[in-house]
Amino acid sequence: MVSKFVKSVLEFLFPPACPLCGTPVSTHGELCADCWTSFNWIDGSKCVCCGYPFALDMGDNAMCPVCASGRSELDWIRSACVYDDASRMAVLPFKHAGRISYSYFMSRAMIWALRDCDLSGIDVIIPVPLAYRRIFYRAYNQAALLAKPIAKLMGVKIDYDSVCRKYRRDMGHMNARMRAENIRGVFSVVRPENIKGRKILLVDDVMTSGATFSELRRVLIDAGASAVYGVTFCRTVRSV
Ligand SMILES: [Zn+2]
Ligand SMILES: [Zn+2]
């Protein structure tokens, strides 16, 4: 526990600043008002299943056409904001340029995105695994950084070891069909005893096509998982 005195000395030496623009703020890790409002937070009406934000208020239990037709990637998914220029400016440095300090506001926003979900039955959190080759070069898995505060708040363990990922080339420039083909078979459950009968919350930074979640769900359900949910910082929103 840091004493009040040490804390005030630290705050004097390192005054809290917005991690994105450096403007002074009241608490370490928090965004300034300008940066906060630059994000397109998903705070209105949304699909009760995948969290897709609706332009109009559709009520609390509406589903998007994809989920209504039974093609949802997971049992439910929530994302804090839309993947656009503002969130890209946070996610790319967080993922590729070592800006791990961003994990504070990103994970807090993800916790807020989970506010209407029933979290009581969730047994374990799995950050979407990275291939070992990527962890070696990047030194960290960004999904694991985001998962830690969420797991702490929920009082649930993080499972880093039960699912492995093979290295495949980057999916950045692929369309949805190519992503689905590229991701097929990359995950394997190496400790099925940790998965069987469990309700699992997957954590990732971005959801684009949903192919990663779909494929992870397939192997987790094959291994006996009873439900698979997901939370991301941001998600792509296409018109449906
Ligand atoms: Zn700022
Ligand atoms: Zn949906």
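Quantities reported herein were computed from a predicted structural model and do not represent experimental measurements.

## Some details on the overall build of the chain
- Of regular secondary structure, the chain possesses 9 helices and 7 strands.
- Here the chain has a C-alpha radius of gyration of 18 Å; the compact-globule value for 240 residues is 18 Å, and the two agree.
- Overall, the chain is about 55 × 45 × 35 Å in size when its C-alpha atoms are taken along their principal axes.
- With 240 residues in all, the chain has 35% of them scored as buried.
- The long-range share in the chain, meaning contacts at least 24 apart out of those at least 6 apart in sequence, stands at 71%.

## Section: the domain arrangement of the chain
- The domains assigned to the chain are domain 1 (1-38) and domain 2 (43-235).
- Just the C-alpha atoms count here: the centres of domain 1 and domain 2 sit 28 Å apart.
- Each side of the interface is counted separately: domain 1 has 6 residues, and domain 2 has 6 residues.
- Grouping the constituent residues of the side of domain 1 that touches domain 2 by class yields 3 nonpolar, 2 polar and 1 charged.

## Re the packing of helix 5 (residues 103-113) against helix 7 (residues 142-154)
- It is at 9 Å that the axes of helix 5 and helix 7 come closest, and there the two elements cross at 50°. In terms of orientation, helix 5 lies oblique with respect to helix 7. Pair helix 5 / helix 7 crosses with right-handed handedness. Residues Ser103, Met106, Ser107, Met110 and Ile111 of helix 5 lie in contact with helix 7, whose contacting residues are Leu145, Leu146, Pro149, Ile150 and Leu153.
- For the contact of helix 5 with helix 7, a count of residues per class yields 8 nonpolar, 2 polar and no charged.

## Focus: the sheet that holds strand 6 (residues 199-207)
- Reading across from one edge, 1-7-6-2-3 is the order of the 5 strands in this open sheet, with parallel pairing throughout. If you trace the sheet from one side to the other, it starts and ends with strand 1 (76-82) and strand 3 (157-158), each paired once.
- Summarising the sheet, strand 2 (residues 124-127) and strand 3 pair through 2 bridges and their orientation is parallel. Following the sheet pairing, Val124 is matched in strand 3 by Lys157.
- This element, helix 7, spans strand 2, strand 3, strand 6 and strand 7 (227-235) of the sheet and lies at about 130° to strand 6.
- Most of the contacts of helix 9 (residues 211-222) go to strand 6, to which it runs at about 160°, and overall it touches strand 1, strand 6 and strand 7.

## Focus: the nonpolar core
- Met106, Met110, Leu146, Leu202, Val203 and Phe233 are the most contacted members of the largest nonpolar core, which has 54 residues in total.
- Going through the elements one at a time, strand 1, helix 4 (85-96), helix 5, strand 2, helix 7, strand 6, helix 9 and strand 7 are the ones with two or more residues in this core.
- Setting aside anything within four residues of it in sequence, one finds Met106 in contact with Ala90, Phe94, Leu146 and Phe233.

## A closer look at the environment of Thr23
- In this structure, Thr23 sits in the loop between helix 1 (4-13) and helix 2 (33-38).
- Sequence-distant contacts of Thr23, that is, excluding residues within four places in its chain, are made with Ala17, Cys18 and Cys32.

## Side note on helix 5
- Inspection of helix 5 places Ser103, Phe105, Met106, Ser107, Ala109, Met110 and Ala113 among the buried residues, and these make up the whole buried set.
- On its buried face, helix 5 is in contact with strand 1, helix 4, helix 7 and strand 7.

## Some words on the pairing of strand 6
- Taken across its 9 residues, strand 6 has 8 buried, putting it largely inside the fold.
- Judged from the 4 bridges that link them, strand 2 and strand 6 form a sheet pairing that is parallel. Bridge pairing links Ile126 to Leu202 in strand 6.
- Across 8 bridges, strand 6 lies against strand 7 in parallel orientation. In the sheet register, Leu201 faces strand 7, and the bridge partner there is Tyr229.
- Crossover connection from strand 6 via helix 9 to parallel strand 7: handedness right-handed.

## Observations regarding helix 9
- Taking 1.5 Å as the rise per residue, helix 9 with 12 residues should run 16 Å; its terminal C-alpha atoms sit 17 Å apart, in good agreement.
- Taken together, the buried positions of helix 9 are Ala211, Thr212, Phe213, Glu215, Leu216, Arg217 and Leu220.
- Residues of helix 9 that are buried make contact with strand 1, helix 8 (176-183), strand 5 (187-189), strand 6 and strand 7.

Cut-off values and rules
- Residues numbered from 1 in each chain as written.
- Chains lettered and ligands numbered in written order.
- Predicted model: local features only at pLDDT ≥ 70, side-chain atom pairs only at ≥ 80, totals over all residues.
- Helix = DSSP H or I, 4+ residues; strand = E, 2+ residues; numbered from the N terminus.
- Rg over C-alpha atoms; globule rule 2.2 N^0.38 Å.
- Buried ≥ 20, exposed ≤ 12 C-beta atoms within 10 Å, placed from the backbone.
- Contact = placed C-beta atoms within 7 Å.
- Domains from an automatic or database assignment.
- Nonpolar A, V, L, I, M, F, W, Y, C, P; charged D, E, K, R; others polar.
- Axes fitted to C-alpha atoms, helices over the stretch in contact; angles between N-to-C directions.
- Parallel < 35°, antiparallel > 145°, perpendicular 65-115°, else oblique.
- Left-handed = near helix turned anticlockwise from the far one by under 90°.
- Pairing = 2+ DSSP bridges.
- Core = buried A, V, L, I, M, F, W, Y, C linked by C-beta atoms within 7 Å.
- Right-handed = clockwise from strand over helix to strand, strands pointing away.
- Expected span 1.5 Å × (residues − 1).

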